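Notes for the structure review
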Amino acid sequence: MQLDSKIVAVVTGGASGLGLATARRLAARGARVAIFDFNDAQGQQAADELGGVFCKVDVTSDDQVDAAFAKSRAALGQERILINCAGTGNAFKTAGRDKKTGQINHFPIDQFNRIIQINLVGTFRCLAKSAAGMLTLDPLEDGERGAIVNTASVAAEDGQIGQAAYSASKGGVVGMTLPIARDLMGEGIRVNTILPGIFNTPLMNAAPDNVKLALAASVPFPKRLGLPEEFARLAVEMCENGYFNGEDVRLDGAIRMAPR
Ligand SMILES: NC(=O)c1ccc[n+]([C@@H]2O[C@H](COP(=O)([O-])OP(=O)(O)OC[C@H]3O[C@@H](n4cnc5c(N)ncnc54)[C@H](O)[C@@H]3O)[C@@H](O)[C@H]2O)c1
């Protein structure tokens, strides 16, 4: 797909980090961009910077996602690109003992469900509703109607201690990529997923310097955290390259996460 001002892209989680970098790159290539995020201030700021539209949305809400697509389509037109970056994580052991009190506890089930709802169901909700909208578009060259990029994580394959919910949610995103690409193949919509390693986003910036240095040292090569722009380059390539379909691609400097 050739990016230009006729192409509209929706970026969930576009207010920050990997989503913001991708929104910037899409806009720099000429696309018109809608930012879907629940962070009002940063979302509006990103949309203003890119001359796009901000839609406040929690991806766990059907109504809010419907309203966000209605708003962005009224302002910019039907999107041909969806980038799913909205997501978050948590950390609890499946079951364990409190080191001080010896008390036995387990992963709070509501916290497990919350991560699945945001990262897995939220991604699918935006994807399904976006794909339904793309079906109304005329195909471009090669019969292509649209392109969708999801964000999983290397935790889908090598999740660490405490990451049962996060890994399950991201493993779900990896697992659904091919069947969704097959569901949509007759309509000319491609679907791909990126599994980022450790990237230098606001999420990571919160970590102390010694932790960040240790993480950087654990990457085989290059020995640093990934740059959001490097994620954005792959996400945009997945949109532009018409033969990219049904793929789950690690972008991680060859890191394989240790148990902790
Ligand atoms: N940074 C990394 O090292 C890394 C590694 C692997 C995977 N990822 C994944 O990449 C994606 C982006 O992460 P990031 O590092 O850019 O984080 P980030 O916190 O900088 O950005 C995430 C954005 O998603 C938004 N968001 C979160 N929950 C939402 C919800 N329910 N509805 C709408 N918006 C919501 C946040 O407001 C934020 O703007 C996430 O899915 C994350 O799991 C990140």
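As a starting point, this report considers the structure included with it.

Procedures and definitions
- Residues numbered from 1 in each chain as written.
- Predicted model: local features only at pLDDT ≥ 70, side-chain atom pairs only at ≥ 80, totals over all residues.
- Heavy atoms only, no water.
- Axes fitted to C-alpha atoms, helices over the stretch in contact; angles between N-to-C directions.
- Helix = DSSP H or I, 4+ residues; strand = E, 2+ residues; numbered from the N terminus.
- Parallel < 35°, antiparallel > 145°, perpendicular 65-115°, else oblique.
- Left-handed = near helix turned anticlockwise from the far one by under 90°.
- Contact = heavy atoms within 4.5 Å.
- Core = buried A, V, L, I, M, F, W, Y, C linked by side-chain atoms within 4.5 Å.
- Buried < 20%, exposed > 50% of the residue type's maximum accessible area, 1.4 Å probe, protein only.
- Disulfide = S-S within 2.5 Å.
- Phe/Tyr/Trp six-rings, centres within 6.5 Å; stacked < 30°, edge-to-face > 60°.

**Description of the packing of helix H3 (residues 62-76) against helix H4 (residues 109-134)**
It is at 11 Å that the axes of H3 and H4 come closest, and there the two elements cross at 40°. Taken together, the axis directions place H3 and H4 in an arrangement best described as oblique. Considering how the two elements wind past one another, H3 and H4 form a crossing that is right-handed. Every residue of H4 that contacts H3 at Asp62, Val65, Asp66, Phe69 and Arg73 is listed here: Arg125, Cys126, Lys129, Ser130 and Gly133.

**A closer look at the nonpolar core**
In this structure, Phe36, Leu82, Ile148, Leu184 and Val191 are the most contacted members of the largest nonpolar core, which totals 31 residues. Breaking this core down by element, the ones donating at least two residues are strand E1 (8-12), strand E2 (32-37), strand E3 (53-56), H3, H4, helix H6 (164-183) and strand E8 (189-196). Once you skip the residues sitting within four places of it in the chain, Ile148 turns out to touch Leu82, Leu127, Ala131, Met134, Leu184, Ile189, Arg190, Val191 and Asn192. Counting 30 residues, the second-largest nonpolar core is a separate cluster that includes Leu18, Ala46, Phe231 and Met238.

**Brief notes about the state of the cysteines**
Put plainly, a disulfide is one covalent bond tying together the sulfur atoms of two cysteines. Tallied over the full model, the rule gives zero disulfides. Cys126 takes part in no disulfide bond, and the closest cysteine sulfur, belonging to Cys55, lies 11 Å away. By relative accessible area, Cys126 is classed as buried at 0%.

**Overview of the packing of aromatic side chains**
Tallying each qualifying case throughout the model produces four aromatic pairs. Summarising the aromatic geometry, the rings of Phe107 and Phe112 are spaced 5.6 Å apart at their centres and angled 75° between planes, so their arrangement reads as edge-to-face. Taken together, Phe92, Phe107 and Phe112 form an aromatic cluster joined through their ring pairs.

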